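Spelled out, the chains give:
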Amino acid sequence: MIGWLQGHVAEPWQQGNRCGLLLACAGVGYEVQLTRRHWELLPPAGSPLCLYTHQSIRDDGWTLFGFGARHERDLFRLLVAVSGVGPQMALALLGTMPCEELVRAIVQADLRRLCRAPGVGKRTAERLAVELRGKLAESFGAPAAAGDDDLLDGVAGSTDGDPGPAASTREELQLTLTALGYEPLEISRALRALGREGLDPAHDADAWLSACLRWLAREAA
């Protein structure tokens, strides 16, 4: 695997939404994809440049993705490990905001900020928060922000002290809504919101399900 390259900028390139450069290293030119933010800050042709790289090997070819720092490459690798997040989406996320801001957005489950990246929808943003929050908080030392209890509890899957239905009803609702395609974070947020709005915890699962579906439909609108 090619993990690092040292050379000179030979030629920046752009193909549709993808951008990168040809990096000349000891007589060999490597085509490397970059985030748009990195590409726009490239030094002039002939300038020395070092890149940490991630090598993707697929049946249709090999691709190199380049990053100015190791922690950016490590974050890229965590992103592409999430179901539904490919290399281009990971580059879009890293190109939309600085690495530190992206880590903070995931750890704090800031879905609105994550959805600013091209191609990232609400479901994908929720999946990023659910799957990466713990890993990023541990690896990058990003603390959860005060005031984000609704989102963070949903990401962590916690129900302690939550307003909402009885435990047996909650379990049935989670199974039903998951089968309908909703993510754990969406379900947790709906249950908490409805509980705080005063929906009677004694209502049966059908009543809670109808209310959840209405709330989720409003949020998606």
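You'll find the structure just up there.
Residues numbered from 1 in each chain as written. Predicted model: local features only at pLDDT ≥ 70, side-chain atom pairs only at ≥ 80, totals over all residues. Heavy atoms only, no water.

Notes on the side chain of Arg73
Here is step 1 of the chain: Along the chain, Arg73 falls in helix α2 (residues 70–80).
Here is step 2 of the chain: Within the local environment of Arg73, its side chain forms a polar contact with the backbone oxygen of Gly3, the two atoms lying 2.8 Å apart.
Here is step 3 of the chain: In terms of polar contacts, Arg73 uses its side chain to reach the backbone carbonyl oxygen of Thr53, at 3.5 Å.
Here is step 4 of the chain: What Arg73 contacts, discounting residues up to four positions off in sequence, is Gly3, Tyr52, Thr53, His54 and Phe67. (Helix = DSSP H or I, 4+ residues; strand = E, 2+ residues; numbered from the N terminus. Polar contact = N/O pair within 3.5 Å; in protein donor to acceptor, adjacent residues only side chain to side chain. Contact = heavy atoms within 4.5 Å.)

Structural notes on a nonpolar patch on the surface
Here is step 1 of the chain: A cluster of nonpolar residues, Met1, Ile57 and Trp62, forms a patch on the protein surface that exposes about 430 Å² of accessible area.
Here is step 2 of the chain: By the element assignment, Ile57 lies in strand β4 (residues 48–58). (Patch = residues over 30% accessible without salt bridge, like charges linked within 9 Å, V, L, I, M, F, W, Y side chains within 5 Å. Areas by Shrake-Rupley, 256 points an atom, 1.4 Å probe, with all protein chains shown as cover. Salt bridge = Lys/Arg side-chain N within 4 Å of Asp/Glu carboxyl O.)

Focus on the sheet that holds strand β3 (residues 28–34)
Here is step 1 of the chain: The strand order β1-β2-β3-β5-β4 describes a closed barrel built from five strands, whose pairing is mixed. Within the sheet, the average angular offset between the axes of one strand and its neighbour, ignoring direction, is 50°.
Here is step 2 of the chain: Where strand β2 (residues 18–25) meets β3, seven bridges bridge the pair, whose relative direction is antiparallel. What sits directly across from Leu22, in β3, is Glu31.
Here is step 3 of the chain: Contacting β4 and β5 (61–67), α2 runs over the sheet at an angle of about 15° to β4.
Here is step 4 of the chain: Each of β2, β3 and β5 touches helix α3 (residues 87–96); the most contacted strand, β5, lies at about 10° to it. (Pairing = 2+ DSSP bridges. Axes fitted to C-alpha atoms, helices over the stretch in contact; angles between N-to-C directions.)

Points about the pairing of β2
Here is step 1 of the chain: Of the pairings in the sheet, the one linking strand β1 (residues 4–15) to β2 comprises seven bridges and is antiparallel in character. What sits directly across from Gln15, in β2, is Arg18.
Here is step 2 of the chain: Counting the residues in the hairpin turn of β1 and β2 gives two residues, including Gly16, whose phi is positive at 65°.
Here is step 3 of the chain: If you look at the hairpin formed by β2 and β3, you'll find two residues sitting between the two strands, and Ala26 has a positive phi there, around 50°.

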